[in-house]
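# A structural walkthrough
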Amino acid sequence: MPEPSVPPTPPVPLASLLAREDLALRQIAGPTDPDIVIHWAHTSEMADPYPYLLGGELLLTAGVHIPDAAGSGTYFDDYVSRIVAAGGAALGFGLAPVHDTVPRALVAACEAYELPLVEVPPQTTFSGVARAVWQLMAQARLAELRRVTEAQQSLAAAASRPDPVPSVLRQLAQRVGGRTVLFGPDGGEIAAAGRGPGGELREALADLAGVVRPTDAAARRGGRGATAAADRTSAGHPAGEPGGAAPANRPPAGPFHPTSAAVPGRAARADRPPAARPAPVGPVRPTSATDTIAGTHLAAYALGAGQGFVLGIAAPQRDPGDHTIASVAAVLLTLLTGEHHSGAGAARSSALVRLLLGAPPEEVAPLLGADRWLVVHARPDAPRPDAMAASALGAALGSPLVDLAEDVVRVLLPLREIEPQPGWTLGVSAPAAPQEWPSADTQAARALARARATRTALVRHGARPGLAELLPPEEAEAHARALLAPVAAAPALTETLRTWLSLHGSWDRTAVALSVHRNTVRQRIARCGALLGADLDDPDVRMELWFALRKG
């Protein structure tokens, strides 16, 4: 019997449809297995409905096609066999207006071919049955989405705990009702949670993990694990498809119904002659694989960091949504394992520890892989940035060194060309050596303030050289300190004066840049003028003050 080409909706157990009291359906023949499901309802009065069936249907008929002498021949056997051959899930026979009872020969044929036969009473329309199937599908889909959403929230909360990897595994084990294992690049169990099988099934899960482990990681393992991974025929398909991946050389299973055949190559062990081992199929390994052994459903998911970590799951059943939940856990575990076990992640951790222990920035910077750096301050168009938005900005700029403050995201990145980012306002510092990072941070903050005030997507500090660079730095700085001494003790006044001058004396733009009221700006500037004893409306005074503020 061919596998049905099912839609991406949860199937409906036939037992649930029979339990609807408003339909008054009654099964009168065929198996009563609670696992029998239907994927849709279809009405046909064709004597041979095979060409019009996709599989998985509850086929509804009133028997219009049945000839008068059908009971004495092979008509019903031929009819039922064709439905079974097409993958039909069940047959519904409607009483009246053609037949008062279900033909006995049809009942016998359904028993012989193990096709569930359902009697539809006269008061129940076929449209009503089809609508009930749709309603049950919608309810199942809603329940599945609710279950997946709740699982996503609980997994995310687990990932934020002090012990994130064991917490995610425990939460996933609770959600699937089985055992979860994180396998390392060498094939060993790093962490596990939940109740699970032992012996052969545990070994089978480890072997299934070898199917999806990247080839380069498997080659580094050595020993039994490398042999098992290399001896296996590739199985599965991308993790985004429903139901995970089906092992190779067996027909695809319908959604949420993994097949029960063993994974090809499971018997391959070190004591088996090399010539008898199956060769891997193709250079690309699958990202997920499934198997079923002794009623236990096994699944393996390669974690995306490429380091050879694999998530393994063993559960007594596979419910709708399990694959999606497992995929979410795999993504979280990828983030939790990939960063800390990569060379770049280890270098960043080492740099952070050294800074915290008192090492100067110029000593730590080589661990981060650059000599010249930029500091970027960014504010989103939305009210407040969150952790996800900050991480996305860091990824877009090409740096994982991201700091999320109350309303500003700061990014430290190696010197490169910075482009405007949609939905963000950016201020970029001048290129800086590690010992100049604090100054670069101040430059980026001022550039961001100017960008916001002028409604510009990106402003760079020091885009053009000025006349100040023509004087010796020591003389310029001494003059600046002397000129600004009256206001130096009030940082708010100094910053307001700097911003006001940079924005050509605009009260409104300065207020926006400093996030204060325009009257506050007026009061501060008036105070600056009084302390400095200067006419701030004089262009020459403004120029000299700007020169001093640039050097101060």
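Quick caveat: nothing in here was measured; it's all calculated off a predicted structure.

## Let's talk about the overall build of the protein chain
When you go through the protein chain residue by residue, the secondary structure sums to 18 helices and 17 strands. In the protein chain, the proportion of contacts linking residues at least 24 apart, taken out of those at least 6 apart, comes to 66%.

## Describing the nonpolar core
Counting 28 residues, the largest nonpolar core has Leu155, Val168, Leu169, Leu172, Leu311, Ile313 and Leu333 as the members making the most contacts within it. Broken down by secondary-structure element, the contributors of at least two residues to this core are helix H4 (126-159), helix H5 (164-176), strand E9 (189-193), strand E11 (296-302), strand E12 (310-315) and helix H9 (322-341). Not counting residues up to four positions away in its chain, the partners in contact with Leu311 are Leu169, Leu172, Val181, Ala299, Ala300, Tyr301, Leu303, Ala326, Ala329, Ala330 and Leu333. Judged by nonpolar contacts, the second largest core, of 21 residues, contains Ala70, Phe76, Val80 and Ala109.

## Focus: the packing of aromatic side chains
Counting across every chain of the model gives four aromatic pairs. For the pair Trp373 and Trp437, a centre-to-centre distance of 5.6 Å together with 85° between the ring planes defines the contact as edge-to-face. Remark: Trp437 occurs in helix H13 (residues 437-454) and Trp373 occurs in strand E13 (residues 373-380); sequence separation between them is 64 residues. Judged by relative accessible area, Trp437 falls into the buried class, the value being 13%. An aromatic cluster is present here, built from Tyr75, Phe76 and Tyr79 joined pairwise through their rings. Directly above the ring of Tyr50 sits Arg82, whose terminal nitrogen or CZ lies 4.2 Å from the centroid.

## Quick word on the sheet that holds strand E6 (residues 90-94)
Strand order in the open sheet formed by five strands is E2-E7-E6-E5-E4, with mixed pairing between adjacent strands. The open sheet has two free edges, formed respectively by strand E2 (26-29) and strand E4 (40-43), since each of these has just one partner strand. Ignoring strand direction, the axes of neighbouring strands in this sheet form an average angle of 30°. Sheet analysis places E4 next to strand E5 (residues 57-61), joined by four bridges and oriented parallel.

## Remarks on the pattern of salt bridges
A complete count under the given rule lists 14 salt bridges for this structure. In this structure, Glu417 engages Arg460 in a salt bridge whose closest nitrogen and oxygen atoms are separated by 3.0 Å. Taken as a pair, Glu417 in the loop between strand E15 (409-414) and strand E16 (424-428) and Arg460 in strand E17 (residues 458-460) lie far apart in primary sequence, 43 residues in all. Accessibility expressed as a relative area gives 57% for Glu417, which makes it exposed.

## As for unusual backbone geometry
Geometrically, the link from Ala96 to Pro97 is a cis peptide bond, its omega value of 5° lying close to zero. A positive phi angle, near 50°, is found at Ala294, a position not held by glycine. On the accessibility criterion, Ala294 (78% relative accessible area) is exposed.

## Describing the packing of H4 against H5
Remark: H4 packs on H5, axes separated minimally by 8 Å, with the N-to-C direction vectors making an angle of 160°. Relative to H5, the element H4 lies roughly antiparallel. As H4 packs across H5, the resulting crossing turns out to be right-handed. Residues Arg147, Glu150, Ala151, Ser154, Leu155, Ala158 and Ala159 of H4 pack against Pro164, Ser167, Val168, Gln171, Leu172, Arg175 and Val176 of H5.

## Structural notes on helix H16 (residues 507-514)
The complete set of buried residues in H16 reads Thr510, Ala511 and Ala513. The buried residues of H16 occupy an angular sector of 165° when projected down its axis, which confines them to one face. In this structure, the buried side of H16 is in contact with H13, helix H15 (491-502) and helix H17 (518-532). Between the side-chain oxygen of the N-cap and the backbone nitrogen of Arg509 there are 3.2 Å, and the N-cap of H16 in question is Ser506. After H16 finishes, the residue Ser515 shows a positive phi value of roughly 60°.

## Regarding a nonpolar patch on the surface
Nonpolar side chains collect at one region of the surface, where Leu352, Val353, Leu356 and Leu357 lie side by side and expose about 450 Å² of accessible area between them. By the element assignment, Leu357 lies in the loop between helix H10 (343-356) and helix H11 (361-368). For Leu357, a relative accessible area of 71% corresponds to the exposed category.

## Examining the sheet that holds E16
If you trace the five strands from one edge of the open sheet to the other, you get E14-E15-E13-E16-E17, paired in mixed fashion. The open sheet has two edge strands with one neighbour each: strand E14 (402-404) and E17. Between one strand axis and the next, the sheet turns by 15° as a mean value, whatever way the strands run. In this structure, E16 lies alongside E17, joined through three bridges in parallel fashion. Note on E17: the bridge partner recorded for Val428 is Arg460. Here H13 sits on the sheet in contact with E13, E15, E16 and E17, set at roughly 35° to E13.

## Remarks on the confidence of the model for the protein chain
Residue-level pLDDT values for the protein chain average 79, and 80% of them are 70 or greater. Low pLDDT (under 50) marks residues 217-282, which in the prediction has 137 contacts with non-local residues, meaning those over four places away or in another chain.

## Some points on the packing of H15 against H17
Contact geometry of H15 with H17 gives a least axis separation of 9 Å together with a crossing angle of 105°. Classified by the interaxial angle, the pair formed by H15 and H17 is roughly perpendicular. Across the interface between the two elements, Ala492, Leu493, Thr496, Leu497 and Trp500 of H15 pack against Val521, Arg524, Ile525, Arg527, Cys528, Leu531 and Leu532 of H17. Of the residues belonging to the contact of H15 with H17, the class tally is nine nonpolar, one polar and two charged.

Scoring rules and cut-offs
- Residues take numbers from 1 onward in each chain, read along the sequence in its written order.
- Given that this is a predicted model, residues contribute local features only at a pLDDT of at least 70 and side-chain atom pairs are listed and counted only at 80 or more, while totals for whole chains, interfaces and linings are drawn from all residues.
- To get the side-chain values, all heavy atoms of the structure are used, and hydrogens and water are removed first.
- Strands are runs of DSSP state E lasting at least 2 residues, helices are runs of H or I lasting at least 4, and numbering of each runs from the N terminus.
- Here, two residues are considered to be in contact whenever any of their heavy atoms come within 4.5 Å of each other.
- Definition used in this section: a nonpolar core is a set of buried Ala, Val, Leu, Ile, Met, Phe, Trp, Tyr and Cys residues joined via side-chain atoms within 4.5 Å.
- Per-residue accessibility, obtained with a 1.4 Å probe over protein chains only, is compared with the maximum for each type, and a residue is labelled buried under 20%, exposed over 50%, and partly exposed between these values.
- Classification of ring pairs rests on two measures: the distance between centres of Phe, Tyr or Trp rings, Trp counted by its six-membered ring, which must be within 6.5 Å, and the angle between planes, read as stacked under 30 degrees, edge-to-face over 60 and tilted in between.
- Charge-over-ring contacts are defined here by two conditions on Lys NZ or Arg CZ: a distance within 6 Å of the ring centre and an angle within 35 degrees of the ring normal.
- The pairing criterion is simple: DSSP has to find at least two bridges between the two strands.
- In this analysis an axis means a line fitted to C-alpha atoms, helices contributing only their contacting stretch, and an angle means the value between N-to-C directions, from 0 to 180 degrees.
- Put simply, a salt bridge is a Lys or Arg side-chain nitrogen that is within 4 Å of an Asp or Glu carboxyl oxygen.
- Each angle gets one of four labels, with under 35 degrees taken as roughly parallel, over 145 as roughly antiparallel, 65 to 115 as roughly perpendicular, and the rest as oblique.
- Crossing handedness: left-handed means the near helix sits turned counterclockwise from the far one by under a right angle, and right-handed means the same turn made clockwise.
- In this description, one arc is meant: the one made by directions from the helix axis to the C-beta atoms.
- Contacts described as polar in this section are N or O atom pairs within 3.5 Å, which, within protein, must combine one atom able to donate a hydrogen with one able to accept it, while residues neighboring in sequence count only if both atoms come from side chains.
- Each patch is built from residues that are more than 30% exposed by relative accessible area and take part in no salt bridge. Like charges join if they lie within 9 Å; nonpolar side chains (Val, Leu, Ile, Met, Phe, Trp, Tyr) join within 5 Å.
- Shrake-Rupley sampling with a 1.4 Å probe provides the accessible areas, and residues are treated as covered by the protein chains on show and by no other component.
- The predictor attaches a confidence to each residue, called pLDDT, with possible values from 0 through 100.
- Under this grouping Gly is polar, as are all residues other than the nonpolar Ala, Val, Leu, Ile, Met, Phe, Trp, Tyr, Cys and Pro and the charged Asp, Glu, Lys and Arg.

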